Amino acid sequence: NFVVDGNVLKVYPETKLSGVLQLDVFQGIENTDLYKLKTTYSESIAFEDIKPEIRLINSGVILPNSRDLKFNFEAVNLKAVDVRIIKIYEDNVLQFLQENNLNSNNKYAIRQVGRRVAKQTITLIDNELEHSGKFKTYSIDLANFFKAERGAIYRVELEYKKEYSLYNCNNQTNAASNNESDDYEDDYYEDDYSENEIDFENENTDELEEAYWNNLTYRYNNYSYNWKERNNPCHEAYFNEERIVSQNLIASNLGVIVKKETDNTYHFAVSNLLDTKPESGVEVKLYNFQ
């Protein structure tokens, strides 16, 4: 499709463009003043795909127990995403907060206080031909994964694998995607935990993860690590643990504003998040570090 906007011609191709293409504007095309282009104009244009990525839309941690528990995120160049729900039990929340903030995404600190309660692969794009190559917003109904319990914290993790990628690698090689120093040119690193060696190829993934949450293994995913290829979306090393995005959610209908005076007195204002009205008769407890 072509759209003329003043002296600008907008061209909309039928399919997504990628790679280096040549643009030709032919001799004889005329403008609104009937002046014709005297020579053919040619230019090479590079259409670069956005690397596969997931990003969160907001950083809030309060999950009101409303009818629709929607979790929104943005994704690009991905046809699917793995969703994992980890529950920090109410009795363990104080232990978690000794070393973490409510919005902490430390993946190593959660095993002592939480456990995976659900996981599922969600399809984002059914027809790859309809993929625009731009960031698009998606929504997950968390009510399909768990029923929120008061006082618990739920961590939503989103992860993606190389087989989920829609990034065009036809013109790519598995070379490093950056111009950083080649000090590590011949080095290939793999995690070595000989005391807990795992045969990822032959083990059941559910059994591996069960062992992980029981503190019997160090990990349950087999990530390929290559420092030079860590930013190359056409290499397995790109799809590592650093690509996981996560957000903690507290199951509560109450929002609290706390103000501390210079004499160490506190003022609390508690509101209902569903109707924004103030709550009365609320019992508030304060805890020290221990």
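Throughout this description, residue numbers start from 1 for each chain and increase along the sequence as written. Where local features are concerned, this predicted model is filtered to residues with pLDDT of at least 70; where side-chain atom pairs are given and counted, the filter is 80 or more; whole-chain, interface and lining totals use all residues. Water and hydrogen atoms were dropped before computing side-chain values, which therefore reflect all heavy atoms in the structure.

Peer 1: How should I be thinking about the pairing of strand S2 (residues 8–11) in this particular structure?
Peer 2: Remark: a regular strand shows side chains that alternate across the two faces of the sheet. Examined bridge by bridge, strand S1 (residues 2–5) and S2 share four bridges and lie antiparallel to one another. Looking at the pairing, Val3 lines up with Lys10 of S2. Between S1 and S2, which pair antiparallel one after the other, the connecting turn spans two residues, and Gly6 there sits at a positive phi close to 65 degrees. Note: two strands are recorded as paired if DSSP finds a minimum of 2 bridges between them. Numbering goes from the N terminus for both helices and strands, where a helix is a DSSP run of H or I of at least four residues and a strand is a run of E of at least two.

Peer 1: How should the environment of Tyr160 be read in this particular structure?
Peer 2: Tracing the chain through its elements places Tyr160 in the loop between strand S11 (153–159) and helix H2 (205–213). Classification of Tyr160 as buried rests on a relative accessible area of 4%. Along the backbone, Tyr160 and Phe239 are 79 residues apart, and their C-alpha atoms lie at a distance of 7.0 Å. Each residue's exposure class comes from its accessible area (1.4 Å probe, protein chains only) as a fraction of the maximum for that residue type: buried when under 20%, exposed when over 50%, partly exposed otherwise.

Peer 1: Sorry, what's going on with a nonpolar patch on the surface here?
Peer 2: Patch construction takes residues with relative accessible area above 30% that form no salt bridge. Like charges are linked within 9 Å, and nonpolar side chains (Val, Leu, Ile, Met, Phe, Trp, Tyr) are linked within 5 Å. For the area figures, the Shrake-Rupley method with a 1.4 Å probe applies, and any residue is considered shielded solely by the protein chains shown. Any Lys or Arg side-chain nitrogen located within 4 Å of an Asp or Glu carboxyl oxygen qualifies as a salt bridge. Together, Leu254, Val256, Val258, Tyr266, Phe268, Val282, Val284 and Leu286 make up an exposed nonpolar region whose accessible area comes to about 650 Å². Where the nonpolar patch is concerned, the elements lending two or more residues are strand S13 (254–260) and strand S14 (266–272). The dominant element in the nonpolar patch, judged by the number of residues it contributes, is S13, at three residues. Note on placement: Tyr266 falls in strand S14.

Peer 1: Help me understand H2 in this model?
Peer 2: Each α-helix winds once per 3.6 residues, and so residues spaced three or four apart point in a common direction. Among all positions of H2, only Leu208, Glu209, Ala211, Tyr212 and Trp213 are buried. In what follows, a contact means two residues having at least one pair of non-hydrogen atoms within 4.5 Å. Those residues of H2 that are buried are in contact with strand S8 (80–88) and strand S9 (114–123).

Peer 1: Where do I start with the packing of aromatic side chains in this structure?
Peer 2: The description of an aromatic ring pair uses the distance of the two centres, along with the angle that the planes make with each other. Pairs were defined over the aromatic rings of Phe, Tyr and Trp, the Trp ring being its six-membered one, requiring ring centres within 6.5 Å. Orientation was assigned from the angle between planes: stacked under 30 degrees, edge-to-face over 60, tilted for the rest. Scanning all chains against the criterion turns up seven aromatic pairs. Both rings, one in Tyr160 and one in Phe239, keep their centres 6.0 Å apart while their planes meet at 90 degrees; by these two values the pair is edge-to-face. Here Phe239 lies in the loop between H2 and strand S12 (245–251) and Tyr160 lies in the loop between S11 and H2, a separation of 79 residues in the sequence. You'll find Tyr160 and Phe239 in the same group, each marked buried. Pairing Tyr212 with Tyr220 gives two aromatic rings, centres 4.9 Å apart and planes at 70 degrees, and the pair type is edge-to-face. Each member of the pair, Tyr212 as well as Tyr220, carries the same accessibility label: buried. A ring has a charge above it when a Lys NZ or an Arg CZ is no more than 6 Å from the ring centre and no more than 35 degrees off the ring normal. The lysine or arginine in question, Arg55, covers the ring of Phe135, its NZ or CZ lying 3.6 Å from the ring centre.

Peer 1: Looking at this structure, I do not really get the sheet that holds S9. What am I missing?
Peer 2: Across a sheet, paired strands are connected by hydrogen bonds in the backbone, their directions being either parallel or antiparallel. Taken in spatial order, the five strands make up an open sheet running S6-S12-S11-S8-S9, and their pairing is mixed. Since the sheet does not close on itself, it has two edges, and those belong to strand S6 (62–63) and S9, each with one partner. Running at roughly 150 degrees to S9, H2 makes contact with S8 and S9 of the sheet. Interaxial angles span 0 to 180 degrees and are taken between N-to-C directions of axes, which are lines fitted to C-alpha atoms, for helices over the stretch in contact.

Peer 1: For this particular structure, what's the right way to read the pattern of salt bridges?
Peer 2: Pairing between side chains of opposite charge can happen when the charged atoms of each approach one another. Enumeration over the complete set of coordinates arrives at eleven salt bridges. Salt-bridge contacts for Glu159 lead to Arg84; the nearest nitrogen and oxygen are separated by 3.6 Å. Of this pair, Glu159 sits in strand S11 while Arg84 is found in strand S8, placing the two residues 75 residues apart along the sequence. Its relative accessible area of 9% is what places Glu159 among the buried residues. Here Asp206 ties to Lys119 by a salt bridge, and the two come within 2.9 Å at their closest N and O atoms. A residue pair is termed long-range when its members are at least 10 positions apart, and Asp206 in helix H2 and Lys119 in strand S9 qualify at 87 residues. For Lys119, a relative accessible area of 35% puts it in the partly exposed group. Each of the salt bridges in this network shares a partner with another, and the network as a whole consists of Arg84, Arg116, Lys119, Glu159, Asp206 and Glu209.

Peer 1: How should the sheet that holds strand S5 (residues 53–56) be read in this particular structure?
Peer 2: The three strands are arranged S5-S7-S10 in an open sheet whose pairing can be described as antiparallel. A strand with exactly one partner marks an edge of an open sheet, and here the two such strands are S5 and strand S10 (136–141). Neighbour-to-neighbour, the strand axes of this sheet turn through a mean angle of 35 degrees, independent of strand direction. When strand S7 (residues 70–76) meets S10, the two strands line up antiparallel, connected through six bridges. Within the sheet, the bridge partner assigned to Asn72 lies in S10 and is Ser139.

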